[in-house]
Amino acid sequence: MAILEAIKIYKTYGNKFNKQEVLRALDLQVQEGEFVSIMGASGSGKTTLLNVLSSIDRVSQGTITIEGQNFNQMKDKQLAEFRKHHLGFIFQEYNLLDTLTVKENILLPLSIKKVSKKEANKAFDTVAAEFGIADIANKYPNEISGGQKQRTSAARAFIHEPSIIFADEPTGALDSKAASGLLNKLSDLNAKRNTSIVMVTHDPLAASFSQRVVFIKDGQIYTQLNKGEQTRDEFFQDVIKTQGVLGGIKYEH
C-alpha cells in the first residue's frame, strides 16, 4: 500500500518572463514501511523534490498525498497539525536547539502534541536506548559530537511515531564511522517500526542502506534501482555504476 503518492508534480520558480522549471510531471510512490533514497547531480531537483514531498515547500502543479490526505490543499494551520502527527524530519545540520538538553530536544514533538509527562518519558527511554544516547540525555548540543547530535535529531524524528520520515543528507556532516552507525540505526528502525523513510543523499554508501534508489535528472525520474535479494555491497556497486552513468561521477573510497 502506498503511503506517499506524487502525481504529475511540477515546481516552477520565477515569473513568466524568467521561469525555471525544477520538477516536471514527476510521479513517485513510496510504499508503507519502505526506505527510499533519492539521488542526482547538483541541480537535478532532488532537494526540491524532498521539500515538496515533505510539505516544506508547495508544488506549482500536481497532487501529493500522504496516507490519502492531499496536504497541498491544506491551509497553514491544517498543515502544521498534519506535520505534527504524520511527519518526521532529519536535517544535515541537525537543527537542535542549543538552549535545550538532548532529552528536551528529542521530546519537542511530544511537547507540541501535549503528550503526558509519563507517556513522553516512556517514549524517550525507548528511543534513546534504540539510538544509544541515553547516557547523554542531560547534555547540551555544544557538549556532544556530530554523530551524537545526528542521532539526537533522528531520535526526535522517530519519537512521535510518524507515518513517514524525511531525511536531507543526514550523513553529510558526519565522519564515516558516525555515518555508518546512524544508517544502521535508521535501517533497523525502518524494519522494526515499519516507518517509511525518504532520504536525499549524494553518497552511494548511504543509499545502499535503502531498499530502493530513485535517480533524478533534469527534474524527472531518470531511473530506479531495487535492492531485492542483493547484499548491501552488491547494491552499493550497482548504485555507484548508475551514479557514474547519470552524472559522470566517480566514487572514491
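What you see is a predicted model, and the numbers here were worked out from it, not measured in a lab.

Another aspect to go through is the overall build of the chain. Along the backbone of the chain there are eight helices and ten strands. A globule of 253 residues ought to have a C-alpha radius of gyration of about 18 Å, and the chain, at 18 Å, matches this closely. Of the roughly 12,600 Å² of accessible surface on the chain, a fraction of 46% belongs to carbon and sulfur atoms. Looking at charge distribution, the chain has the averaged site of its 31 positive side-chain charges lying 5 Å from that of its 29 negative ones.

What follows is about the environment of Leu87. Along the chain, the position of Leu87 falls in strand β6 (residues 87–91). Assessed through its relative accessible area of 2%, Leu87 is described here as buried. Distance from Leu87 to Glu161, taken between C-alpha atoms, is 8.6 Å for residues 74 residues apart in sequence. Those residues in contact with Leu87, other than ones at most four positions away along the chain, are Ser54, Ser55, Ile66, Phe82, His160, Pro162, Ile164 and Phe166.

In this section: the pairing of strand β8 (residues 196–200). The buried count for β8 comes to five of five residues, which makes it a mostly enclosed element. Burial along β8 is two-sided: Ser196, Val198 and Val200 and Ile197 and Met199, pointing in opposite directions, are all buried. Where strand β3 (residues 35–39) meets β8, four bridges bridge the pair, whose relative direction is parallel. When the sheet's bridge partners are listed, Phe35 is paired in β8 with Ile197. For strand β7 (residues 164–168) and β8, the ladder comprises five bridges, and the chain directions are parallel.

A word on the pattern of salt bridges. Counted under the stated rule, the structure contains seven salt bridges. Notably, a salt bridge pairs Arg212 with Glu34, separated by 2.8 Å at the nearest N-O pair. Taken together, the residues Arg212 in strand β9 (residues 212–217) and Glu34 in the loop between β2 (18–31) and β3 connect sequence positions 178 residues apart. With respect to burial, Arg212 and Glu34 carry one shared label: buried.

Per the stated rule, a full pass over the model turns up four aromatic pairs. Among the aromatic residues, those joined into a cluster by ring pairs are Phe89, Phe91 and Phe166. Seen from the ring of Phe209, Arg232 lies directly overhead, with NZ or CZ sitting 4.0 Å from the centre.

Moving on to the confidence of the model for the chain. Detailed conclusions should not be drawn from predicted coordinates in areas where pLDDT is low. Averaged over every residue, the pLDDT of the chain is 92; residues scoring 70 or more account for 98%. Every residue in residues 248–253 scores below 50 in pLDDT, and together they form nine contacts with partners more than four places removed in sequence or on other chains.

Cut-offs applied
Along every chain, residues carry numbers that run from 1 in the direction the sequence is written. For this predicted model, a pLDDT threshold of at least 70 governs which residues receive local features, and a threshold of 80 or more governs which side-chain atom pairs are given and counted, while totals over whole chains, interfaces and linings are taken from all residues. Excluding hydrogens and water, the side-chain figures rest on all heavy atoms present in the structure. Numbering goes from the N terminus for both helices and strands, where a helix is a DSSP run of H or I of at least four residues and a strand is a run of E of at least two. We take the radius of gyration over the C-alpha atoms and set the globule estimate at 2.2 Å times the residue count to the 0.38 power. We get accessible surface area from the Shrake-Rupley algorithm with a probe of 1.4 Å; when it comes to residues, only the shown protein chains can shield them. His is not counted, nor are the chain ends; Lys and Arg add positive charge and Asp and Glu add negative charge. Charged side chains are reduced to one point each, which is NZ for Lys, CZ for Arg, CG for Asp and CD for Glu. Whether a residue is buried, partly exposed or exposed follows from its accessible area with a 1.4 Å probe, protein chains only, as a fraction of its type maximum: under 20%, in between, or over 50%, in that order. Residues are treated as being in contact if the distance between any of their heavy atoms lies within 4.5 Å. Think of it this way: DSSP has to see at least two bridges between two strands before they count as a pair. Salt-bridge detection follows one rule: a side-chain nitrogen of Lys or Arg within 4 Å of a carboxyl oxygen of Asp or Glu. Aromatic contacts are taken between Phe, Tyr and Trp rings whose centres are within 6.5 Å, Trp giving its six-membered ring; a plane angle under 30 degrees counts as stacked, one over 60 as edge-to-face, and the others as tilted. Geometrically, a charge over a ring is one whose NZ (Lys) or CZ (Arg) sits within 6 Å of the ring centre while staying within 35 degrees of the ring normal. Confidence of the predictor in every single residue is expressed as pLDDT, which spans 0 to 100.

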